[in-house]
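Coordinates in review
This is what each chain is made of:
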Amino acid sequence: MTPLPGTGPSGLSAAFDRAAAGYDRLTAFNPGYRADLARSARRLGLPGSGAGLRVLDLGCGTGTSTAALLSAAPGAEVVAVDASAGMLARASAKRWPAGVRFVHAPAERLSEAGVAGPFDAVLAAYLFRNLADPDAVLASVRDLLVPGGRLAVHEYTLSGRPVHRMVWRAVCAAVVEPAGALTGDRGIYRYLRRSVLGFDTAGAFARRMELAGYTGVRALPMPGWSTGIVHTFVGRTPLARREDARGAGQTAAW
């Protein structure tokens, strides 16, 4: 990750705390922000209404990704986690159904906050680019999932084509950073620009997921201006045969 000047992960969380008050207003200027998150949640392919499923929203921010999960699977139990207390306060202050729980914890220390598996699916939006060790978190998420469980990573990951790098720079210069300056949080949006430019390309992150043990990994682009800039990465944990209430020796899958 590319930290803000003079900060590590804890300093980045504090920067998100400061940006929390204006975050929803700023993302509202991006016409695809909520629609793209909803698309990534649907790409998890959760069956039916999600009833009986347990889903982790890792890096929930102000709750937009949580709402996206509920739109895709309104019957699921959702555990929503974020390292920023300010973001989490904004999220938890909104109205949610009884099956949603918010937890303050870094992605690297979920067990210390009482977040434990098994989960049927995980959505991680705008998270991995901000981690010091994304491989370790991919591995820990894999271990939280049931056999055949699903991971969707929604992230700024450039395609590798020069045109998409140019579009990202132009959008940041013309829209993102000036809007951040109006909220008094320009620093974190400068960080956003640099962190995207310094992170994996879409192909590199897909390979990272495969090396972490996920199967059937695909990188799916978004439509509109963010084509080649934002992707959903979907993959599963390997299927395993296990004995459970559904029958001895039955393969865990849905």
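All of these numbers come straight from a predicted model, not from anything done at the bench.

1. Side note on a nonpolar patch on the surface
- A cluster of nonpolar side chains, contributed by Val163, Val167 and Trp225, occupies part of the molecular surface with about 210 Å² of accessible area.
- You can see Trp225 is positioned in the loop between strand S6 (215-221) and strand S7 (230-236).

2. Focus: empty space enclosed by the protein
- Evaluation of the coordinates by the stated rule reveals one cavity of 30 Å³ or more.
- Size it by volume and the largest cavity reaches roughly 40 Å³.
- Within the lining of the largest cavity, the residues separate by chemical class into four nonpolar, two polar and one charged.

3. Structural notes on the packing of aromatic side chains
- Within the structure shown, the criterion is met by seven aromatic pairs.
- Joined through ring pairs, the aromatic side chains of Tyr33, Tyr126, Tyr156 and Trp168 make up one cluster.
- The residue whose ring lies beneath Arg54 is Phe119, and the NZ or CZ to ring-centre distance is 4.1 Å.

4. With respect to the nonpolar core
- Counting residues in each nonpolar core, the largest one holds 40 residues, and the members touching the most others are Leu44, Leu46, Leu69, Phe102, Tyr156, Trp168 and Leu192.
- Setting aside anything within four residues of it in sequence, one finds Trp168 in contact with Tyr156, Leu158, Leu192, Arg193, Val196, Leu197, Trp225 and Ile229.
- Among the nonpolar cores identified, the runner-up in size contains 31 residues, and Val81, Val103, Val153 and Ala206 belong to it.

5. Examining the pattern of salt bridges
- Within the structure shown, the criterion is met by seven salt bridges.
- As a salt-bridge pair, Arg208 and Asp200 come within 2.7 Å of each other at their nearest N and O atoms.
- Under the relative-accessibility criterion, Asp200 is labelled buried at 14%.
- Here the residues in one salt-bridge network are Asp135, Asp200 and Arg208, joined through shared partners.

6. Looking at the sheet that holds S7
- Judged by pairing direction, the sheet is mixed, and its seven strands sit side by side in the order S3-S2-S1-S4-S5-S7-S6 without closing on themselves. Two strands lie at the open edges of the sheet, namely strand S3 (100-104) and S6, each paired on one side alone. Averaged over neighbouring strand pairs, the angle between their axes works out to 15° when direction is ignored.
- For strand S1 (residues 54-58) and strand S2 (residues 77-82), the ladder comprises five bridges, and the chain directions are parallel.

7. What about the side chain of Thr66?
- Mapped onto the elements, Thr66 comes out in helix H3 (residues 64-72).
- Not counting the four nearest positions on each side in its chain, Thr66 is found in contact with Asp57, Cys60, Val78, Ala80, Trp96, Val100 and Phe102.

8. Brief notes about the pairing of S3
- Note that S2 and S3 share five bridges and pair parallel. Note that in S3 the partner of Val79 across the bridge is Arg101.
- A crossover links S2 with its parallel partner S3, the connecting element being helix H4 (residues 85-92), and its sense is right-handed.

9. Concerning the packing of helix H2 (residues 33-42) against H3
- Viewed as axis vectors pointing N to C, H2 and H3 meet at an angle of 50°, and their least axial separation amounts to 8 Å. The angle between the axes of H2 and H3 places the two elements in the oblique class. Judged by the sense of rotation from one axis to the other, the crossing of H2 with H3 is right-handed. Along the contact surface, H2 presents Tyr33, Arg34, Leu37, Ala38, Ala41 and Arg42, while H3 presents Thr64, Ser65, Ala68, Leu69, Ser71 and Ala72.
- For the contact of H2 with H3, the per-class residue count stands at seven nonpolar, three polar and two charged.

10. Digging into the pairing of S2
- Most of S2 sits inside the fold, with five of its six residues counted as buried.
- Read as a crossover between parallel neighbours, the route from S1 over H3 to S2 is right-handed.

11. Comments concerning the environment of Arg218
- Within the element layout of this structure, Arg218 appears in strand S6.
- Distance from Arg218 to Gly203, taken between C-alpha atoms, is 9.3 Å for residues 15 residues apart in sequence.
- In contact with Arg218, not counting residues within four places along its chain, are Thr232, Phe233 and Val234.

Basis of the calculations
Residues numbered from 1 in each chain as written. Predicted model: local features only at pLDDT ≥ 70, side-chain atom pairs only at ≥ 80, totals over all residues. Heavy atoms only, no water. Patch = residues over 30% accessible without salt bridge, like charges linked within 9 Å, V, L, I, M, F, W, Y side chains within 5 Å. Areas by Shrake-Rupley, 256 points an atom, 1.4 Å probe, with all protein chains shown as cover. Salt bridge = Lys/Arg side-chain N within 4 Å of Asp/Glu carboxyl O. Helix = DSSP H or I, 4+ residues; strand = E, 2+ residues; numbered from the N terminus. 1 Å grid on protein atoms, 1.4 Å probe; cavity = no way out; pocket = protein on both sides within 12 Å on 5 of 7 lines; lining within 4 Å. Points joined across faces, edges and corners; volume = space filled by probe spheres on them. Nonpolar A, V, L, I, M, F, W, Y, C, P; charged D, E, K, R; others polar. Phe/Tyr/Trp six-rings, centres within 6.5 Å; stacked < 30°, edge-to-face > 60°. Lys NZ or Arg CZ within 6 Å of the ring centre and 35° of its normal. Core = buried A, V, L, I, M, F, W, Y, C linked by side-chain atoms within 4.5 Å. Buried < 20%, exposed > 50% of the residue type's maximum accessible area, 1.4 Å probe, protein only. Contact = heavy atoms within 4.5 Å. Pairing = 2+ DSSP bridges. Axes fitted to C-alpha atoms, helices over the stretch in contact; angles between N-to-C directions. Right-handed = clockwise from strand over helix to strand, strands pointing away. Parallel < 35°, antiparallel > 145°, perpendicular 65-115°, else oblique. Left-handed = near helix turned anticlockwise from the far one by under 90°.

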